[in-house]
Amino acid sequence: MSHLSERPETPLVGVPMPHESAGLHVTGTALYTDDLVHRTKDVLHAHPVQVMKAHGRITALRTGPALAVPGVVRVLTAADVPGVNDAGMKHDEPLFPDEVMFHGHAVAWVLGETLEAARLGAAAVEVELDEQPSLVTLEEAIEAGSYHGARPVMVTGDVDAGFADSAHVFTGEFRFSGQEHFYLETHAALAHVDESGQVFVQSSTQHPSETQEIVAHVLGLSSHEVTVQCLRMGGGFGGKEMQPHGFAAIAALGAKLTGRPVRLRLNRTQDLTMSGKRHGFHAEWKIGFDADGRIRALDATLTADGGWSLDLSEPVLARALCHIDNTYWIPNARVAGRIAKTNTVSNTAFRGFGGPQGMLVIEDIMGRCAPLLGLDPMELRERNFYQQGQSTPYGQPVAHPERISTVWQQVRDNAGIADRKREIAAFNAAHENTKRALAVTGIKFGISFNLTAFNQGGALVLIYKDGSVLINHGGTEMGQGLHTKMLQVAATTLGIPLHRVRLAPTRTDKVPNTSATAASSGADLNGAAVKNACEQLRERLLQVAATRLGANASDVRIAGGVARALGSDKELAWDDLVRTAYFQRVQLSAAGFYRTEGLHWDATAFRGSPFKYFAYGAAATEVEVDGFTGAYRIRRVDIVHDVGDSLSPMIDIGQVEGGFVQGAGWLTLEDLRWDTGDGPNRGRLLTQAASTYKLPSFSEMPEEFNVTLLENATEEGAVYGSKAVGEPPLMLAFSVREALRQAVAAFGPAGVSVELASPATPEAVYWAIEAARKGGARRGGDARQGSGVRTGTSALSHA
């Protein structure tokens with residue numbers, strides 16, 4: 001086992017423990033960015049001047065009326081920017097635009113003594129617009145040929161030969177929706193400038209270093225003149241990876257120009273109408289199976305809705321292409337990707353980062369084709385699982401493919417699939433207007449950033465003379481428990497009790513050039529960096545302990561806060577050891593660093609090994625559907641998920657549960673709607689509040705929810721043998737959608753292929769039931785050329 005993966009005796013990693021801030025969360029004493037305004041004197045408040053049109057060029061911007069509003073101090077416009085008027089890494093996101101690109105685009109910001117004064121001032125700003133035609137939907141953009149960014153193509157094998165060898169060929173298309181992050185804490189920033197002109201920004205950001213970079217170039221400063229700190233976030237889910245930068249820059253610009261602290265916090269409606277979502281996708285596909293139901297070829301085009309600017313759309317699309325295979329070997333494939341440019345908010349990272357979209361396409365294909373092949377959906381999936389020695393369509397060998405079958409079989413056993421299927425068949429036979437179904441789906445999710453350079457982490461660990469330890473690392477805490485794991489890693493590596501270790505807020509002047517806390521890589525990168533720093537310190541302390549204990553350093557162990565020499569009764573307490581080291585002038589601080597090895601990726605050829613490893617999992621979901629309304633409930637969920645050797649099992653189980661529920665929300669409830677008419681509100685987000693955008697709640701939770709972490713699953717070459725847990729569980733929710741599909745099919749004749757919208761809302765389920773009762777797209781065995789059914793979201797034909 002590698003040094004990085006090996007655990008000492010009695011480690012603190014692997015011990016179930018609550019979130020390090022759980023007590024603060026439930027008592028309301030945890031501080032978030034916007035809480036700091038009450039501790040800051042003379043704060044100005046920022047409010048956006050939003051233009052409520054989908055597209056148009058600004059012909060006049062009059063700020064004078066706002067300055068006449070009592071309490072308004074200043075109006076920020078493009079003329080005030082001393083550096084670069086851009087908030088994006090692609091330089092396509094003007095901070096103060098001269099062209100409105102989506103309904104609600106902010107073109108100026110008002111600073112007021114109070115938020116109400118700033119709001120009234122913003123309302124007084126006069127904007128004249130030369131309105132332009134707009135593209136609101138993905139379909140409109142495709143029809144207009146409106147695209148931006150890269151157009152990757154992934155090719156493996158001989159696709160034409162694969163189709164020629166196929167006994168069954170199906171074609172179809174699939175349109176599925178995006179998803180609102182709906183984090184509890186909206187975007188927020190608080191900036192001030194000190195006496196030397198240094199800018200300090202408190203930001204709710206997943207990527208402090210990039211926030212620092214954007215703030216610096218907007219202000220025309222160097223990065224060492226800007227410090228960004230993130231205390232914690234009330235949720236992020238990817239929505240705070242790129243999008244906080246512009247808001248932080250507005251606050252910093254206001255502070256620089258006025259000399260006073262500036263607070264910017266979006267209310268919920270502003271956050272929903274101004275910030276990006278998960279990318280909605282359109283997929284066209286053609287797939288070939290042999291006579292036994294094994295995939296022979298796939299030809300697909302995935303179109304992502306990027307919104308008005310690129311943001312992270314290119315890497316999101318790349319990850320979607322890399323995950324279209326999911327757990328299935330596809331020997332011959334050609335998958336093309338493109339990004340539509342629409343007049344909506346710029347879509348961005350969201351838990352899974354394109355992976356869910358790619359995987360949803362193949363899972364939808366499997367669910368739709370299984371009845372046409374005369375196979376049980378579980379059987380079709382099992383027949384296509386990766387086997388040892390096989391590689392992905394982009395050329396990466398699949399390590400530990402046996403885990404795909406292992407988690408699958410464990411779920412089958414834990415859930416009692418065979419017996420319950422018989423019970424469900426009996427229930428359905430006895431209930432004409434209520435049907436149940438049980439579906440199992442698996443996942444294979446690659447862990448690492450698409451961009452190889454991002455796969456690095458840093459840490460700074462300080463030991464004080466009294467033996468207490470302070471950790472700084474580059475990861476941010478958004479409720480996912482990263483800080484808890486880092487405390488456990490540090491205490492394990494140093495061999496001391498957990499209470500001796502404290503973790504400082506993430507800030508750019510302690511650990512520079514950090515990567516975003518994203519791609520499920522937070523614990524991998526920062527944990528390895530923390531471990532590296534602690535190992536440097538431990539080696540120094542072992543030398544000191546060896547002298548005191550009269551032993552060789554190689555024979556000294558530190559555990560439970562005590563240094564002992566092998567074969568000796570002598571002991572040296574941690575506090576005494578540290579004090580001795582100080583008086584011997586031994587350095588008691590260390591900077592740790594980690595870079596993920598073994599990664600290589602050619603983005604042009606779309607070939608390589610971009611992922612350190614794959615995380616695996618499987619879920620079985622049982623649903624019950626009402627035939628009169630399409631309403632449904634999740635009766636039971638069983639999950640087995642691979643997190644390697646868990647760093648913190650309680651945290652990981654919570655992440656699996658939360659990710660699953662969020663995925664179920666995306667696939668079944670959360671329905672983003674825009675005004676697509678030609679009226680004055682064209683392009684307006686209609687679902688801009690919790691009253692109109694349906695989120696999962698307690699009533700949508702499974703009545704029985706069983707989560708098991710895969711045992712004996714050490715991941716070689718990862719920190720203490722663990723695996724990432726943040727994103728992969730979201731895709732386990734495919735089992736909910738597939739169970740709904742099978743329940744809908746039970747309302748129709750045998751062998752019906754069900755086309756199901758995504759999200760599969762009760763309305764969508766009801767219309768699918770109506771189609772199934774009429775015979776659906778087609779029953780299995782019907783081989784008519786080109787026949788098929790077209791709905792608002794999908795089409796399927798058997799060629």
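Reading the values: the criteria
Residues numbered from 1 in each chain as written. Predicted model: local features only at pLDDT ≥ 70, side-chain atom pairs only at ≥ 80, totals over all residues. Heavy atoms only, no water. Helix = DSSP H or I, 4+ residues; strand = E, 2+ residues; numbered from the N terminus. Rg over C-alpha atoms; globule rule 2.2 N^0.38 Å. Buried < 20%, exposed > 50% of the residue type's maximum accessible area, 1.4 Å probe, protein only. Contact = heavy atoms within 4.5 Å. Areas by Shrake-Rupley, 256 points an atom, 1.4 Å probe, with all protein chains shown as cover. Lys, Arg positive; Asp, Glu negative; His and termini not counted. Charge placed at Lys NZ, Arg CZ, Asp CG, Glu CD. Expected span 1.5 Å × (residues − 1). Pairing = 2+ DSSP bridges. Polar contact = N/O pair within 3.5 Å; in protein donor to acceptor, adjacent residues only side chain to side chain. Phe/Tyr/Trp six-rings, centres within 6.5 Å; stacked < 30°, edge-to-face > 60°. Lys NZ or Arg CZ within 6 Å of the ring centre and 35° of its normal. Salt bridge = Lys/Arg side-chain N within 4 Å of Asp/Glu carboxyl O. Axes fitted to C-alpha atoms, helices over the stretch in contact; angles between N-to-C directions. pLDDT = per-residue confidence, 0-100. Parallel < 35°, antiparallel > 145°, perpendicular 65-115°, else oblique. Left-handed = near helix turned anticlockwise from the far one by under 90°. Nonpolar A, V, L, I, M, F, W, Y, C, P; charged D, E, K, R; others polar.

(A) Quick peek at the overall build of the protein. Helices and strands together make up the secondary structure of the protein, namely 19 helices and 31 strands. Relative to a compact globule of 799 residues, whose C-alpha radius of gyration would be 28 Å, the protein shows 28 Å and is just as compact. In the protein, buried positions account for 61% of the 799 residues. The contacts in the protein between residues at least 6 apart in sequence include a share of 80% that link residues at least 24 apart. With an accessible surface of roughly 28,900 Å², the protein has 51% of that area assigned to carbon and sulfur atoms. Averaging the coordinates of the 73 positive side-chain charges in the protein and doing the same for the 89 negative ones gives two points 2 Å apart.

(B) Geometry of helix α18 (residues 734-745). Taking 1.5 Å per residue as the helical rise, α18 with its 12 residues ought to reach 16 Å, and the 17 Å between its terminal C-alpha atoms agrees with that figure. Within α18, 11 of the 12 residues are buried, which leaves it mostly tucked inside the rest of the structure. Taken together, the buried positions of α18 are occupied by Phe734, Ser735, Val736, Arg737, Glu738, Ala739, Leu740, Arg741, Ala743, Val744 and Ala745.

(C) The sheet that holds strand β1 (residues 44-51), seen in detail. Taking strand neighbours across the sheet as the criterion, the 8 strands line up as β3-β5-β1-β12-β9-β10-β11-β20 in an open arrangement whose pairing is mixed. Either end of the sheet is taken by a strand with one partner, and the two such strands are β3 (72-76) and β20 (506-507). Of the strand pairs in this sheet, strand β9 (residues 188-193) and strand β12 (residues 262-265) are connected by 4 bridges, and their pairing is antiparallel. Of the residues in β12, the one forming a bridge with Leu190 is Arg263.

(D) Summary view of the side chain of His187. When you line up the elements, His187 lands in the loop between β8 (168-176) and β9. One polar contact links His187 to Tyr183, side chain to side chain, over a distance of 3.1 Å. Every residue in contact with His187, bar those within four places of it in the chain, is listed here: Gly239, Lys240, Gln243, Pro244, Phe247, Leu264, Arg265, Leu266, Asp271 and Ser275.

(E) Structural view of the packing of aromatic side chains. Applying the stated rule across the entire model yields 17 aromatic pairs. Aromatic side chains Phe174 and Phe176 sit 4.9 Å apart centroid to centroid with 40° between the ring planes, which places their arrangement in the tilted category. Assessed through its relative accessible area of 0%, Phe174 is described here as buried. Taking relative accessible area as the criterion, Phe176 reaches 0% and is therefore assigned buried. With 5.2 Å between their ring centres and 70° between their planes, Tyr766 and Trp767 make a pair best called edge-to-face. Residue Tyr766 is classed as partly exposed on the basis of its relative accessible area of 25%. An aromatic cluster of three or more residues is present, and its members are Tyr394, Trp601, Phe606, Phe611 and Phe614. In this structure, Arg436 packs its charged tip against the face of Phe427, placed 3.7 Å from the ring centre. Over the face of the ring belonging to Tyr720 we find Lys531, whose NZ or CZ atom lies 5.1 Å from the ring centre.

(F) Broad picture of the pattern of salt bridges. Evaluation of the coordinates by the stated rule reveals 51 salt bridges. Where Glu185 meets Lys240, a salt bridge forms, and the shortest distance between an N and an O atom there is 3.1 Å. Here Glu185 is found in the loop between β8 and β9, whereas its partner Lys240 is found in the loop between β11 (226-230) and α7 (244-258), with 55 residues between them in sequence. Of the two residues examined, Glu185 and Lys240, each falls in the buried class.

(G) Representation of the sheet that holds strand β16 (residues 434-447). Strands sit in the order β16-β27-β28-β29 across an open sheet of 4 strands; the sheet is mixed. The two strands at the open ends of the sheet, each matched to only one other strand, are β16 and β29 (704-709). With direction set aside, neighbouring strand axes in the sheet form an average angle of 15°. Against the sheet, α18 contacts β16, β27 (613-626) and β28 (632-641), and its axis sits at roughly 150° relative to β16.

(H) Inspection of the confidence of the model for the protein at higher detail. Here the protein averages 96 in pLDDT, and 97% of its residues register 70 or above. Note that pLDDT drops below 50 for residues 779-794; the model gives that stretch 42 contacts with residues more than four away or on any other chain.

(I) Quick peek at the packing of helix α6 (residues 208-219) against α7. Interhelical geometry of α6 versus α7 gives an angle of 45° and a closest axis separation of 9 Å. Comparing the axis directions of α6 and α7 gives the class oblique. In the crossing of α6 with α7, the sense of the turn from one axis to the other is right-handed. Where α6 abuts α7, its residues Glu210, Thr211, Ile214, Val215, Val218 and Leu219 lie against His245, Ala248, Ala249, Ala252, Leu253 and Lys256. A per-class count over the contact of α6 with α7 returns 8 nonpolar, 2 polar and 2 charged.

(J) Spotlight on unusual backbone geometry. Going from Ser758 to Pro759, the amide bond is cis rather than trans, its omega being 10°. As for its position among the elements, Pro759 is in the loop between α18 and α19 (762-773). For Thr10, which is not a glycine, the phi torsion comes out positive at approximately 45°. Relative to the helices and strands, Thr10 resides in the segment before α1 (22-27). A residue is classified by how much of its surface remains accessible, and Thr10, at 72% relative accessible area, is exposed. In this structure, Ala519 takes a positive phi of about 60° despite not being glycine. Under the relative-accessibility criterion, Ala519 is labelled buried at 10%.

(K) Summary view of the environment of Ser134. If you trace the backbone, Ser134 turns up in the loop between β6 (126-131) and α4 (138-144). Of the residues examined, Ser134 reaches a relative accessible area of 15% and is grouped as buried. In this structure, the C-alpha to C-alpha distance between Ser134 and Leu494, residues 360 residues apart in sequence, is 59 Å. The contacts of Ser134, once residues within four sequence positions are left out, are Ala54, His55, Glu140, Asn343 and Arg682.

(L) Inspection of the pairing of β27 at higher detail. Counting buried positions over the 14 residues of β27 gives 13, a clear majority of the element. Sheet analysis places β16 next to β27, joined by 14 bridges and oriented antiparallel. Along β27, the bridge assignment pairs Arg436 with Glu624. With 9 bridges joining them, β27 and β28 adopt antiparallel strand pairing.

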